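Summary of the model geometry
The primary structure of each chain is shown beneath.
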Amino acid sequence: MASPKSQLASSVLPSTSTHPTSADIDNQPCDSLTKRVNPYVEEIRLQWNMNKVIQRLDTREQCLQFAEDRQLIPREKQCSYHRRPMSLIIQNGLVGTFRCRKSNCRTKSISRATGTWFENVHISLTLLFKLMYMFSRNYSYDLAQIEGATDDRASVLSTKTIADWYSYCREAIVIYELEHNEERTKIGGPNKVVQIDESKFGKRKYNRDRHIEGHWVLGMIEDGSDDLRLEICPDNEQSADILVPLVKKHVQEGSIIHTNSWKAYECLPEHGYIHKKSNHSDHDKKFVAPNTTHTQWIESHWRGLKKVFHMNQFKGNFTEWLVEFAWRRKIKINHLDPFEELLKVINYVYKLEK
Ligand SMILES: [Zn+2]
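Residue positions are counted from 1 within each chain, in the order its sequence is given. Where totals are concerned, whole chains, interfaces and linings use all residues; where local detail is concerned, this predicted model gives features only for residues with pLDDT of at least 70, and gives and counts side-chain atom pairs only at 80 or more. Calculated side-chain values reflect all of the structure's heavy atoms, with hydrogen atoms and water omitted.

If you look the chain up in an unreviewed UniProt entry, it shows as ISXO2-like transposase domain-containing protein from Brenthis ino.

**Quick notes on the confidence of the model for the chain**
Filter applied, for reference: A residue's pLDDT is the confidence the predictor assigns to it, expressed on a 0 to 100 scale. Helix and strand assignments follow DSSP, with helices taken as H or I runs no shorter than four residues and strands as E runs no shorter than two, numbered in order from the N terminus. Every residue pair with non-hydrogen atoms within 4.5 Å of one another is taken to be in contact.
Mean pLDDT for the chain: 78, with 75% of residues reaching 70 or above. No element of the chain has a lower mean pLDDT than helix α1 (residues 22-26), which averages 38, and none a higher one than helix α4 (residues 60-69), which averages 97. In the model, residues 281-294 has pLDDT below 50 throughout and makes 28 contacts with residues more than four positions away in sequence or in other chains.

**Side note on the environment of proline 190**
Operational definition: For every residue, the accessible area obtained with a 1.4 Å probe (protein chains only) is divided by the maximum for its type, and the residue is called buried under 20%, exposed over 50%, and partly exposed between those limits.
Summarising the element assignment, proline 190 is placed in the loop between α7 (159-181) and β4 (193-201). Overall, the relative accessible area of 57% leaves proline 190 in the exposed class. As for proline 190 and isoleucine 274, which are separated by 84 residues in sequence, their C-alpha atoms are 9.2 Å apart. Not counting residues within four places of it along the chain, the set of residues in contact with proline 190 comprises Gln252, Glu253, Gly254 and Ser255.

**Points about the coordination of the zinc ion**
For clarity, the threshold we go by: Donor criterion used throughout: N, O or S atom within 2.8 Å of the metal, extended to 3.2 Å for Na, K and Ca. Water excluded; incomplete-looking sites may result. Note on geometry labels: four donors, all angles 85 to 135 degrees, give tetrahedral; four donors become square planar and six octahedral when opposite donors are over 155 degrees apart and every other angle is between 65 and 115; remaining cases are irregular.
Protein coordination at the zinc ion: the donors are Cys79 (SG), His82 (ND1), Cys100 (SG) and Cys105 (SG), at 2.2 to 2.3 Å from the metal. Here the zinc ion binds four donor atoms, and the angle range of 103 to 121 degrees at the metal identifies the geometry as tetrahedral. Mapping the donors of the zinc ion onto the primary sequence yields the spacing C-x2-H-x17-C-x4-C. The exposure classification of cysteine 79 matches that of histidine 82, with both residues buried.

**Brief notes about the sheet that holds strand β3 (residues 110-111)**
Cut-off, in case you're wondering: Strands qualify as paired when DSSP identifies two bridges or more between them.
One open sheet holds the three strands; their spatial order is β1-β2-β3, and the pairing between them is antiparallel. Edge strands, defined here as strands with exactly one partner in the open sheet, are β1 (87-89) and β3. Judged from the two bridges that link them, strand β2 (residues 97-99) and β3 form a sheet pairing that is antiparallel. By the bridge assignment, threonine 97 is partnered in β3 with serine 111.

Structure below.
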């Protein structure tokens, strides 16, 4: 795969501290009966933290070993001309270079970073891993700048560098999640209730001067589950032609689907679903009148999502933001280690050639 990192240079986030913190995600409603809200002690103990990052990824040698172990950079490379393993000159460049052992070889030395996550990196490996860690923990730019600074370094990480790396990480997550989205099993099934709702994000009531295009998003969730499925409505439409394929992509036939009273949903029985309408019809007021109907489960999720969305004062690519949100949410709910999850994403997106 061509290195997607190089294609996305511009920042997708505002360069202020308005990036949501993990505390915002913490405040997500997580009132599921089936999931543990709090992690076990062991889960906390085994997770990466800043201490461990500093201990384990402090020197170039440690970082190289780690990158090799996690298959982020190749250990060896064959000369394409002689079909023999090349020598690795470890001290060259950021991660070393490969050179053919034959003196008459036409192959020039090749950077070991070529085609990897480390291609065109202009900061130290130590700093890069630290930045990746800080992204995974959702540090604000301000905090990343402070935590990234060291005594022996005259310069401090610029906001642009932080923004760039955050966007490379985010971009990798989007690729990973989109390529794994298709593999997910459908939610619902016979006798299972799935709630579907759609909501518009990006409305700026209090800032009339600046028009911000809203995005219609369809949310789907099975009762009692935390597996929220989100789809952006193409062309910002909510017609049956748009909504039904999105529902079919995520929800099993035979499910009992609860929706609002929008006409677009009325054809659901034709597609093998049992359709129940909730009694409120005012689309904008439902967020201020919770606990009235059975779509309150999804409404509680929407409220959390909207809260983070507004804190973020969003300016960038909405799809990326939403995918990142869902990724962080999945990590939170399942008590996963965000840094490990990010490494998994990068390992997948920047797969080494065999
Ligand atoms: Zn050669």
